[in-house]
Structures are given as structure tokens and as C-alpha cells.
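Chains, contacts and geometry: an overview
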Amino acid sequence: MPRSYSAMKLKMGTWDYYVVRMRMADLASEVKFASELNDERTLDEVIQRELKESRSKKQIVRYLQRNDERFFSSIVVAALGGNPTFYAIEAAADPRFELFAGQIQDTFGVLYFNDDQKTYALDGQHRRCAIKELIEGSAENPAPVGFSDETISVIFVIPPAGQSIEEFRKSYRRLFSSLNRHAKSTNKVTNIIMDEDDRFAIATRY
């Protein structure tokens, strides 16, 4: 069925992208894994790294269950097909925004997809897996009260119009590499300095 999202339109380099607000339940049902959308036959056709479900269903699920201050950074979603169309809100039509019209013109609006929309988690598939595990619910992994209606920031990355399948695959592989290759984990000293939940880290600081 057609989908529409309130969105903020941005651009960096050659990428047009949109920041949207999604309920956890909608993210779990609408955003897929790359393996569900792509029939990979060779290494050149792989568009996502292997999903380690044990990490999602244990470590990340426990984090979501046990922390009232739970928080995720934006999940980056590759949007395929769906003939995406952005309908901007005309700021000039509201006198309250007259002073800011130049800043927000063509920035806020609604992102619309038709029935052909396909989306998968380009960056954040393990977080999406943990969210889906809690939304589906089980005696082993009950969701926090009201979790399905909590919201998360999702970045939709749209391929340029007219891009071929091969060009799209290379672009998304390159983007995935850029998002993950240069990410650097915090070292042990920083973890001890910053951690407010690990009793040994807190004791070490004292």
C-alpha cells in the first residue's frame, strides 16, 4: 500500500535524503533486511553485511528492556522503487514563519511512496532486528510498556532518478562502507570514564 511520512529534506554530496519520524512498530514491519529484497548470487551483488542475530536478540534487546533512558541514533534506510515524491510545505503561507521562510522553504513536507516501495536497513540492521524481536513479543523477550509507540529517527536515502541496478548497487555499497569502515569504537579508558551503569567503572573512577 502507498506510504507517506512527515519528512525533512536534506542533501549531501550527490545524495538526496530525508529524515522521518517512525513508530517502532512501523519500523519493524515496513523496513526489511537486505537479504529479503536482494537475491545475491555473487560477492559483487551483496548489499549488506551478514546479520548476527545473537547480538541483536541478546545484547541489544537487553539494552532496550533494561534502560528507561534507551536511545538509538538514526537508522539509515535505503529506499528502492516507490517513485518517491516530496511535497514541500509552503512556509510563506503562514505568517508565523515569515521571518524564517528563507531557512525552511522546501525543507519540511511529506515524503510519498506508491505501492512499489521497498526499504531495507542500510545502517542499523542489528538495531532493527532487536526492535522487531521486541515488537513481535515473547515470554523470553517482553517489550517495555508502550515500546511499539515510541518513535525513532530514520534517514531515507533515495537513489538518483534513472540510476541503473548496477549503479545503485555500487552507490549503496560505497555508502555502507563510508558509514561503517571509519567508525571507531571507544577505548577502555573512555568507557571507564563515561560509563554510568557499570559498577566497576564507577568504582575505578573513585
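Every chain begins its residue count from 1, and numbering advances along the sequence as written. This being a predicted model, a pLDDT of at least 70 is required before a residue's local features are given, and a value of 80 or more before pairs of side-chain atoms are given or counted; all residues contribute to the totals for chains, interfaces and linings. Note: side-chain values were computed over all heavy atoms of the structure, leaving out hydrogens and water.

1. Quick look at the overall build of the chain
Per the convention used, a helix needs a DSSP run of H or I reaching at least four residues, while a strand needs a run of E reaching at least two, with both numbered from the N terminus. The number of helices and strands found in the chain is eight helices and seven strands. Looking at the 206 residues of the chain, the share that counts as buried comes to 36%. For the chain, contacts bridging at least 24 residues in sequence account for 76% of all contacts bridging at least 6. In this description, accessible areas are obtained by the Shrake-Rupley approach with a 1.4 Å probe, and a residue is regarded as covered only by the protein chains that are shown. Roughly 13500 Å² of accessible area belongs to the chain as shown, and the carbon and sulfur atoms make up 52% of that amount. Exposure classes here rest on a 1.4 Å probe applied to the protein chains alone. A residue is buried below 20% of its type maximum, exposed above 50%, and partly exposed in between. Residues count as neighbours in contact if any of their non-hydrogen atoms are within 4.5 Å of one another.

2. Some thoughts on the sheet that holds strand E7 (residues 151–158)
By definition, the strands of a sheet pair up through backbone hydrogen bonds, in either a parallel or an antiparallel sense. Spatially, seven strands are ordered E4-E5-E1-E2-E7-E3-E6 in an open sheet, and the strand pairing comes out mixed. Each having just a single partner strand, strand E4 (85–88) and strand E6 (118–123) make up the two edges of the open sheet. Within the sheet, the average angular offset between the axes of one strand and its neighbour, ignoring direction, is 40°. Strands pair, by our definition, only if DSSP identifies at least two bridges between them. Think of each axis as a best-fit line through the C-alpha atoms, taken over the contacting stretch in the case of a helix, with angles from 0 to 180 degrees between the N-to-C directions.

3. Here's the deal with the packing of aromatic side chains
Two aromatic rings from Phe, Tyr or Trp, using only the six-membered ring of Trp, form a pair when their centres are within 6.5 Å; if the ring planes differ by under 30 degrees the pair is stacked, by over 60 it is edge-to-face, and anything between is tilted. This model, assessed by the stated rule, comprises five aromatic pairs. Ring pairing ties together the aromatic residues Tyr5, Phe113 and Phe156, which thus form one cluster. Definition used: whenever NZ (Lys) or CZ (Arg) falls within 6 Å of the ring centre and also within 35 degrees of the ring normal, the charge is taken to sit over that ring. Its guanidinium or amino end placed over the ring of Phe72, Arg127 lies 6.0 Å from that ring's centre, counting from NZ or CZ.

4. What about the pattern of salt bridges?
Take a side-chain nitrogen of Lys or Arg and a carboxyl oxygen of Asp or Glu: if they are within 4 Å of each other, that pair is a salt bridge. Applying the stated criterion across every chain yields a total of seven salt bridges. Here Asp123 and Arg127 are joined by a salt bridge, their closest N and O atoms 3.6 Å apart. A relative accessible area of 15% places Asp123 in the buried class. Overall, the relative accessible area of 14% leaves Arg127 in the buried class. Here Lys132 ties to Glu136 by a salt bridge, and the two come within 2.9 Å at their closest N and O atoms.

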